[in-house]
Amino acid sequence: MKPPVSLDLADETTARDVLALQRDAYAVEAALIGLDGIPALTETLDELRCAPEDWLGVADDDGLTGAVSWRELDDGTVDIHRLVVAPRAFRRGVASALLDELDCRFPGRPMVVSTGSANEPALTLYARRGFTILREREVVPGLVIAELGRGASRIGEAPNTTPRVG
């Protein structure tokens, strides 16, 4: 696996690779949570490219194996929007490499993320990285998501504590 690199979705080939990866990854999540109504499964190429998110990706010799997108909120929180891994690369450290790179780029910053509340592999990954469930909510009929945070007291809000040094 190569180290994570920035992805430019203005490049059509890159955007198409991300869209294909996203569809493969979210199809697995849809099966895990028992619902095929995940909005990312029907997102178009134009919608993906227009989303105001920054992207990192990881590749191997066969192509893109994982990607993460995020936005920085006004309060400094890093809001992870998507973390997708190709099914052929499951359990090879791809998601961890992407999250490690985010941690390097935003050391000590609060982070939030959402995933299907029945997506045990994702919940386990985030729990290992210090994320806790902040709340659960139904976003579309039949789709309950868990909103998780690390260093954040709720989605979109950094904690009211003084940051520690070291």
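One can find the structure itself at the top, above this paragraph.
Fair warning: this is a prediction, and the values are worked out from it, not measured in the lab.

### Some details on the overall build of the protein
Step number 1: Helix and strand content of the protein: 4 helices and 7 strands.
Step number 2: Going residue by residue from the N terminus, the α and β elements of the protein occur as β-α-α-β-β-β-α-β-α-β-β.
Step number 3: Its C-alpha atoms give the protein a radius of gyration of 15 Å, within 12% of the compact-globule value 15 Å for 166 residues.
Step number 4: Expressed along its principal axes, the backbone C-alpha trace of the protein runs to roughly 45 × 35 × 30 Å.
Step number 5: Burial status across the protein gives 45% buried among its 166 residues.
Step number 6: Put simply, 59% of the contacts in the protein that link residues at least 6 apart link residues at least 24 apart.
Step number 7: Counting every atom, the protein has about 9,000 Å² of accessible surface; 50% of that belongs to carbon and sulfur.
Step number 8: The centroid of the 18 positive side-chain charges in the protein is displaced by 4 Å from the centroid of its 27 negative side-chain charges.

### Topic: the packing of aromatic side chains
Step number 1: Summed over the entire model, instances satisfying the criterion amount to 2 aromatic pairs.
Step number 2: Considering the side-chain rings of Trp70 and Phe106, the 6.0 Å spacing of their centres and the 70° angle between planes classify their relative orientation as edge-to-face. With a gap of 36 residues between them, Trp70 in strand E3 (residues 63-72) and Phe106 in the loop between helix H3 (94-105) and strand E5 (111-116) connect regions that are remote in the sequence. Per residue, the accessibility class of Trp70 equals that of Phe106, and both read buried.
Step number 3: Judged by centre distance (5.3 Å) and plane angle (65°), the ring pair of Tyr126 and Phe131 falls under edge-to-face.
Step number 4: When its relative accessible area of 4% is taken as the criterion, Tyr126 is described as buried.
Step number 5: Judged by relative accessible area, Phe131 falls into the buried class, the value being 4%.

### Side note on helix H4 (residues 120-128)
Count 3.6 residues to each turn of an α-helix, and residues three or four apart come out pointing the same way.
Step number 1: When we look at burial in H4, the residues that qualify are Ala122, Leu123, Leu125 and Tyr126. Angularly, the buried residues of H4 cover 160° about the axis, an arc narrow enough to put them on a single face.
Step number 2: Looking at the packing, one finds that the buried side of H4 touches strand E4 (78-85), H3, E5, strand E6 (132-140) and strand E7 (143-150).
Step number 3: N-cap assignment for H4: the residue whose side-chain oxygen lies 3.2 Å from the backbone N of Ala122 is Asn119.

### What to know about the nonpolar core
Step number 1: Judged by nonpolar contacts, the single largest core of 24 residues is most densely connected at Val68, Ile80, Leu83, Leu102 and Tyr126.
Step number 2: Broken down by secondary-structure element, the contributors of at least two residues to this core are strand E2 (54-60), E3, E4, H3, E5, H4 and E7.
Step number 3: Per-element accounting of this core gives the leading share, 5 residues, to H3.
Step number 4: Leave out the neighbours within four places in its chain, and Val68 touches Asp54, Trp55, Leu56, Ile80, Arg82, Leu83, Leu98 and Leu102.

### So, the pattern of salt bridges
Step number 1: In this structure the tally under the stated criterion is 14 salt bridges.
Step number 2: For Arg16, the salt bridge identified is with Glu12, shortest N-O distance 2.7 Å. Within this pair, Arg16 and its partner Glu12 are both found in helix H1 (residues 12-33), separated by 4 residues, close to a single helical turn.
Step number 3: Among the residues examined, Arg16 registers a relative accessible area of 47% and is labelled partly exposed.
Step number 4: Ionic pairing is found between Glu12 and Arg49, a salt bridge with its closest N-O pair at 3.7 Å. Here the residue Glu12 occupies a position in helix H1, and Arg49 occupies one in helix H2 (residues 45-50), the gap between them amounting to 37 residues.
Step number 5: Under the relative-accessibility criterion, Arg49 is labelled partly exposed at 28%.
Step number 6: By sharing partners, the salt bridges in this structure join Glu43, Glu53, Arg71 and Arg82 into a single network.

Analysis parameters
Counting starts from 1 at the beginning of each chain's written sequence and moves along it residue by residue. Only residues with pLDDT of at least 70 get local features here, since the model is predicted, and only at 80 or more are side-chain atom pairs given and counted; chain-wide, interface and lining totals rely on the full set of residues. Where side-chain values are given, they derive from all heavy atoms of the structure, hydrogens and water being excluded. Put simply, DSSP H or I for four residues or longer makes a helix, DSSP E for two residues or longer makes a strand, and each gets a number counted from the N terminus. Here the radius of gyration uses the C-alpha set of atoms, whereas the globule reference equals 2.2 Å times the residue count to the power 0.38. Partly exposed describes any residue whose relative accessible area lies between the buried limit of under 20% and the exposed limit of over 50%, with all areas from a 1.4 Å probe on protein chains only and scaled to the type maximum. By definition in these notes, contact holds between two residues if any of their heavy atoms fall within 4.5 Å. Here the accessible surface of atoms and residues is derived via Shrake-Rupley with a 1.4 Å probe, and residues count as covered only by protein chains that are part of the display. Neither His nor the chain ends is counted toward charge; the positive residues are Lys and Arg and the negative residues Asp and Glu. Every charge is mapped onto a representative atom, which is NZ of Lys, CZ of Arg, CG of Asp or CD of Glu. In this scheme Phe, Tyr and Trp rings, the latter by its six-membered ring, pair at centre separations within 6.5 Å, and the angle between planes marks the pair as stacked below 30 degrees, edge-to-face above 60, and tilted otherwise. The directions from the helix axis to the C-beta atoms are what the arc is built from. Residues adjacent in sequence count toward polar contacts only when both atoms are side-chain atoms; beyond that, a polar contact is any pair of N or O atoms within 3.5 Å, and within protein one must be able to donate a hydrogen and the other to accept it. In this description, a nonpolar core means a group of buried Ala, Val, Leu, Ile, Met, Phe, Trp, Tyr and Cys residues linked to one another through side-chain atoms lying within 4.5 Å. Should a side-chain nitrogen of Lys or Arg be within 4 Å of a carboxyl oxygen of Asp or Glu, the pair is scored as a salt bridge.

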